[in-house]
Amino acid sequence: MNFTYFITALNAIALLSAVPEAEANWDNRGSENGVTVYTAPVPGSGVLKVKAVAVIDASTQDVWSAITSPEFTVKGVKAKKRIGQCGGNCEYIYLRLGHWLLQDRHYVMKMTSVVVSYGSSSTYHRFWKKTDDRRVVGADAIVVRKSSGSWHLSPIAGGRKTSVIFTNHIDLGGNVPSSFFNAGFVRSTYELIHRLRAS
């Protein structure tokens, strides 16, 4: 089930003006097939935050349906399960991530979904952030150090196309150099948007 909260433009101002990616010092890492990827440092982490900007030839509602489907997820997710609600527009999601250099990582993220209505048009937004919940992941599990991100979808070209902004930061921890993960996350961000286009 998708948890989506409809609000007016005036009520959304405080929420959207506080989006953290707007404050970051983004470095353009290049473009590929119409997808531009940026990176920015995150205080307390050697792993960079990534951002992708693209236009998709589909309605905003169709793109939203694709990214909120259970089958659509970032690379490396071995298990994903909704474990509870935190309000009408909020849910808790458990994830288990795998990487061949590390033991599996576990975490719970708090995900909030918002649709902002502007007359006959709407923009779609999804925010997530890691929470500390040992009751779910288990006392002995290795947890992700940090994780947060967002999707922002806006209609363009009379609603025939969608402007997409995706941000993500995930620090798995461990002894592998951050530079290894940074290169991989840039590549996987391109691939994620390409998969979204194909869905």
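Residues numbered from 1 in each chain as written. Predicted model: local features only at pLDDT ≥ 70, side-chain atom pairs only at ≥ 80, totals over all residues. Heavy atoms only, no water.

Glancing now at the overall build of the protein. A count of helices and strands for the protein gives four helices and 10 strands. When its helices and strands are written in sequence order, the protein yields β-α-β-β-β-α-β-β-β-β-α-β-β-α. Counting across all 199 residues of the protein, residues that qualify as buried make up 44%. At a minimum sequence separation of 6, the contacts of the protein that also span at least 24 residues come to 57%. When the accessible area of the protein is evaluated, it comes to approximately 10,400 Å², of which 52% is carbon and sulfur surface. (Helix = DSSP H or I, 4+ residues; strand = E, 2+ residues; numbered from the N terminus. Buried < 20%, exposed > 50% of the residue type's maximum accessible area, 1.4 Å probe, protein only. Contact = heavy atoms within 4.5 Å. Areas by Shrake-Rupley, 256 points an atom, 1.4 Å probe, with all protein chains shown as cover.)

This part is about empty space enclosed by the protein. Evaluation of the coordinates by the stated rule reveals one cavity of 30 Å³ or more. Of the voids in this model, the largest cavity is the one considered here, and its volume is about 260 Å³. Lining the largest cavity are 18 residues, and of these Thr73, Val74, Met109, Trp128 and Trp151 lie nearest its centre. Those elements giving two or more residues to the lining of the largest cavity turn out to be strand 5 (77-85), strand 7 (102-118), strand 8 (121-131), strand 9 (146-156) and strand 10 (161-171). (1 Å grid on protein atoms, 1.4 Å probe; cavity = no way out; pocket = protein on both sides within 12 Å on 5 of 7 lines; lining within 4 Å. Points joined across faces, edges and corners; volume = space filled by probe spheres on them.)

The tally for this structure, following the rule as stated, stands at one disulfide. Covalently, Cys86 is tied to Cys90 through a disulfide, its sulfur atoms 1.8 Å apart. Measuring handedness by torsion sign, the sulfur bridge of Cys86 and Cys90 sits at about -75° and is left-handed. Accessibility expressed as a relative area gives 27% for Cys86, which makes it partly exposed. According to the relative accessible area criterion, Cys90 is buried, its value standing at 3%. (Disulfide = S-S within 2.5 Å.)

We now examine the confidence of the model for the protein. Here the protein averages 83 in pLDDT, while 84% of its residues score no lower than 70. Here residues 1-21 is a poorly scored stretch, pLDDT under 50, and it has 45 contacts once near neighbours within four places are set aside; other chains count. (pLDDT = per-residue confidence, 0-100.)

We now examine the nonpolar core. If you look at the biggest cluster of nonpolar residues, it comprises 38 residues, and the most contacted ones within it are Trp151, Leu153 and Leu196. Sorting elements by how many residues they give to this core places helix 4 (residues 178-198) first, with seven residues. The contact partners of Leu196, leaving out residues within four places of it in the chain, are Ile56, Val63, Ala66, Ile67, Phe72 and Trp151. (Core = buried A, V, L, I, M, F, W, Y, C linked by side-chain atoms within 4.5 Å.)

On to the pairing of strand 4 (residues 45-56), then. Where strand 3 (residues 35-42) meets strand 4, six bridges bridge the pair, whose relative direction is antiparallel. Within the sheet, the bridge partner assigned to Thr39 lies in strand 4 and is Val50. Where strand 3 folds back onto strand 4 in an antiparallel hairpin, the turn is made up of two residues, including Gly44, whose phi is positive at roughly 80°. Where strand 4 and strand 10 come together, seven bridges link them in antiparallel fashion. Looking across to strand 10, one finds that Lys51 is bridged to Thr167. (Pairing = 2+ DSSP bridges.)

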